[in-house]
Amino acid sequence: MSKVIVIPHIKVQAANLQTSGLVLGGAPLMAAAMFAHNLVRQTGMADKGIVFIHHDRQDLGGFAYGNFTPAQRRGSVFINKIDYSSKNKHALSLQPTASCHLHFSLLIKVDAKRIFINKITEFLRNARFAGGKILEFDEVKALNGIAQGLSKIKIGYVLIDRQDVLQHYAQAQNFKRLQAFTELLSLSPEGLQQVFGAQPRLSWLSATNLGYALLEAENVNRTGVRQAYDKNNQPRDTPHAYAEPLIGLVQYVSLNQLLHPPKPDDNEITADPNPIAEPLRKLSEDLTGLWWHYQWQSKLGGDVFLLSQE
Amino acid sequence: MAALSPDIPIEDYEQSLAESVHFSVKTINTNIDKGGIRLSQDQALDLPFISARTLLADGVRIPTDYTANAGKTATHFKVIKAAMTDDAVVDAKGNPDPELQLMADALASSIDQLFDVPYQSGLEHINLRMRQLLIPKDGSYISLSPITAAGVNYWLNDEVDAIKAQRKNNENAKRFRSPITAVFGIGGANPQNAGSLIRAMQRPIYLTAPTANEEVSQAFRLFYRGFDYYIPHKITIDKDLTPALIKWVHLIKKDLKTTAQDSRQPWQEEGVFAGKTDLSRRNAELAFLRQIVRNVLAQGKKAKQTLEQVKDKLPQITDEDNANLDKPLKALTPLLHPSVDLAIQGLIDPNLRDDGWLQEFSKHLARQIVRQDYQIEGQSEPVSFPIDDSAQGFLARRIRELLYTYGELV
């Protein structure tokens, strides 16, 4: 049977803020997807999709001359003597990190014969999310549909795929994707109106890791590979590959806006709605479009792992 | 072409070029043994994402880097990098260096061939410091080690600089906000030991996220759930009234219990909660209750102010069934969700204070008053007293009277 597990108001301490070598501060969507996968695996279910609802984030660091300076919270991991500083043999050297405190809610669509709320709660109590410690969360519930789940959370920001905006802008301006990407993330509200017209509803455009592209063929001959464990806790031969994160455009959209979209009064003469806001209108009508799924792309040679909302 | 200097054999440059990589494991942790991967052009991936493989689909040449600094490597890469990014080779002062420029031009054809086939080195064993993620695949798992190409950072920095330059140009000044970058100290004081492009990786872009605006979330909490008002523990009344107040407390303790236990007359059922009293006790009682009521009403007023601030963001719950289609739908309770306790609704919104509210609120408040004990302020020795539970009905009626009489409170 298909159900929606709702875990409201998860608070995480010192999660990882680094999305990839290119970006700090992308929403931890990939972490959430794999976290959900692990959670359902440990509690006897199958995961069919997630919705990530952002509430708050506190970045640990400061600002200097307009640049974000992440706090260096710890030294490098101690493996052996080379991790020590060359200048001071008693101190560990530093490998830079960036951390943040997170506050978010999670909806997980599952297929399950039975749902053990207490097992889920027990898992959450000891679990880590994106490298950070889960401090607290509200009561876990199993509900019947996404609408029910979202109305339990009520406020916050859901994450929406905005590949369409990147493609539209790159084509319209005849830019290559990197220029389109960087400009889109920097456009002011006036700039967005200049480019897309009135009421584009594009506030809170952002980016995050939406998948991995393998850099080489799967390798079964490497040593030192982390082994996966099967259901009987036996290690199994695991292939390995180096991969690069695929950074894509997303948007934080207020839940309130989606659940209660602005309705024009009948007396008002409304301008034609902005076509770039079409995905938001569609989602207000069919909330199931919010689910994020993961899959390996077969048509591209089978070496791309993608999160998508289709 | 002028003769190349014999001091700088081109074979060495070509060797360094052949061993250069797009992805170096030292970018993850500089203590990992050197190694890396170079992509071939046919690994281009045409998807709407930013990564090395997708940039290849745009025909971008992603500069490669050395896996570790040794001997003349850095010198070689000064030239190689310039050749790859079509920059001029300059010396430390920024003046063009013609000899090295010749070298760069000579490498052009080798560079063209560099991306014909993929290349990797030093990756037979995975160092413990390299991160590995188990990703589900085909019913089992594959271990992936995520890594970013410094060459992509190089081009990203270019774009960021271009936007900053546009902002300085007055025409486009308002079109962009300044992109924010982070200071990420890979390589520490000697990043060139990890790679010549490491400096580019020291400035990733930084993305903000919506933060919980405390006022707004507080307002929404009020909207959906109302609030729990508090009753002050410390009571400040005229010193002269204090002995009377103590007597009053004894009174309600003793007399009300008697009334409650009186089997002959159903006083409580009739709503009679009285005991004997006198003027001084009555005054003390009024002072006590008035202070509490004023305090609680003030809390309600503050809650209303918080809600007023976000009034236009609040969902409007309308009575759609009884809608008169000629008139616009009016919200039933504009500042609060209809499911909030009636007593709290009227406390927050004076427009909802009808007779029904008076009853509800008085009962509600009386219940809260008997739940805690009190200390009288201003006494040389603290005097504290609880109020007995049986006083609830009595207090509720007194509070109702108070609210009726003092019209300005309602």
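The following refers to the structure shown. As a convention, each chain's residues are numbered from 1 in the sequence order in which they are written. For this description, chains carry letters from A and ligands carry numbers from 1, given in the order in which they are written. Residues qualify for local features only when their pLDDT is at least 70, as the model is predicted, and side-chain atom pairs are given and counted only at 80 or more; totals for whole chains, interfaces and linings, by contrast, use all residues. Hydrogens are left out, water is left out, and the side-chain values use all remaining heavy atoms of the structure.

**Things to note about the interface of chain B and chain A**
By a frequent convention, interface size equals the accessible area lost on bringing the separate parts together.
Logical step 1: Contacts: residue pairs with any heavy atoms within 4.5 Å of one another. Across the contact, 83 residues belong to chain B and 96 residues belong to chain A.
Logical step 2: Here's the idea: put two parts together, see how much 1.4 Å probe accessible area each one loses, and the total over both is what we call buried area. Summed over both sides, the interface of chain B with chain A buries roughly 8,100 Å², with 59% coming from carbon and sulfur.
Logical step 3: Three residues stand out in chain B for area buried against chain A, namely B:Phe49, B:Ile50 and B:Arg175, and they jointly supply 10% of the buried area on that side.
Logical step 4: Here, a salt bridge means any side-chain nitrogen of Lys or Arg that lies within 4 Å of a carboxyl oxygen of Asp or Glu. The interface formed by chain B and chain A contains five salt bridges.
Logical step 5: Contacts described as polar in this section are N or O atom pairs within 3.5 Å, which, within protein, must combine one atom able to donate a hydrogen with one able to accept it, while residues neighboring in sequence count only if both atoms come from side chains. Here chain B and chain A share 53 residue pairs in polar contact (both at pLDDT 80 or more) between them.
Logical step 6: Under the DSSP-based scheme used, a helix requires at least four consecutive residues in state H or I and a strand at least two consecutive residues in state E, with every element numbered from the N terminus. Elements with a minimum of two residues in the side of chain B that touches chain A: α2 (52-57), β4 (133-137), β5 (140-146), α5 (150-168), β6 (205-206) and α7 (214-225) of chain B.
Logical step 7: A total of eight residues in the side of chain B that touches chain A trace back to one element, the largest contributor, which is α5(B).
Logical step 8: Gly is placed with the polar residues, together with every amino acid not listed as nonpolar (Ala, Val, Leu, Ile, Met, Phe, Trp, Tyr, Cys and Pro) or charged (Asp, Glu, Lys and Arg). Residues that form the side of chain B that touches chain A fall into these classes: 50 nonpolar, 21 polar and 12 charged.
Logical step 9: Here, a strand pair is defined by DSSP locating no fewer than two bridges between the strands. The pairing of strand β13 (residues 240-254) of chain A with β5(B) spans four bridges and is classified as parallel. Bridge assignment links A:Ala241 to a residue of β5(B), and that residue is B:Leu144.

**Brief notes about the pairing of strand β9 (residues 157-161) of chain A**
All names here are of chain A.
Logical step 1: With four of its five residues buried, β9 lies for the most part within the structure.
Logical step 2: Summarising the sheet, strand β3 (residues 46-64) and β9 pair through two bridges and their orientation is antiparallel. Within β9, the position partnered with His 54 by the bridge is Tyr 157.
Logical step 3: As defined by bridge partners, β9 adjoins β13 across five bridges and the pair is classed as antiparallel. Pairing of Asp 161 across the sheet is with Val 250, part of β13. The buried label goes to any residue with under 20% of its type's maximum accessible area, the exposed label to any with over 50%, and the partly exposed label to all in between, with areas taken from a 1.4 Å probe on protein chains only.

**Thoughts on unusual backbone geometry**
Residues and elements named next belong to chain A.
Logical step 1: The phi dihedral of Tyr 65 is positive, around 50°, even though this residue is not glycine.
Logical step 2: Structurally, the position occupied by Tyr 65 is in the loop between β3 and β4 (67-70).
Logical step 3: In this structure, Arg 201 takes a positive phi of about 55° despite not being glycine.
Logical step 4: Mapped onto the elements of the fold, Arg 201 is located in the loop between α6 (189-196) and β10 (205-214).

**Some points on the packing of helix α1 (residues 10-18) of chain B against helix α4 (residues 98-114) of chain B**
Residues and elements named next belong to chain B.
Logical step 1: Their axes nearest at 10 Å, the elements α1 and α4 cross at an angle of 40°. In terms of axis orientation, α1 runs oblique to α4. Of the two elements, α1 crosses α4, and the hand of that crossing is right-handed. In this structure, α1 uses Ile 10, Tyr 13, Glu 14, Leu 17 and Ala 18 to contact α4, whose residues at the interface are Leu 100, Met 103, Ala 106, Leu 107, Ser 110, Ile 111 and Leu 114.
Logical step 2: Among the residues making up the contact of α1 with α4, the classes are represented as 10 nonpolar, one polar and one charged. Between N-to-C directions, angles cover 0 to 180 degrees, with each direction set by a line fitted to C-alpha atoms, over the stretch in contact for helices. Under this scheme an angle from 65 to 115 degrees is roughly perpendicular, one under 35 degrees roughly parallel, and one over 145 degrees roughly antiparallel; angles in between are oblique. The sense of a crossing depends on the near helix, which, turned anticlockwise from the far helix by less than a right angle, makes the crossing left-handed and, turned clockwise, makes it right-handed.

**Focus on a positive patch on the surface**
Logical step 1: Taken together, the side chains of A:Lys152, A:Lys154, B:Arg221 and B:Arg225 present a region of like positive charge at the surface.
Logical step 2: With respect to the helices and strands, the residue B:Arg221 is situated in helix α7. Patches draw on residues past 30% relative accessible area with no salt bridge. Two like charges within 9 Å are joined, as are two nonpolar side chains (Val, Leu, Ile, Met, Phe, Trp, Tyr) within 5 Å. Accessibility throughout is a Shrake-Rupley quantity obtained with a 1.4 Å probe, and a residue counts as covered only by protein chains that appear here. The charge count includes Lys and Arg as positive and Asp and Glu as negative, but it does not include His or the ends of the chains. A single reference atom marks each charge: NZ on Lys, CZ on Arg, CG on Asp, CD on Glu.

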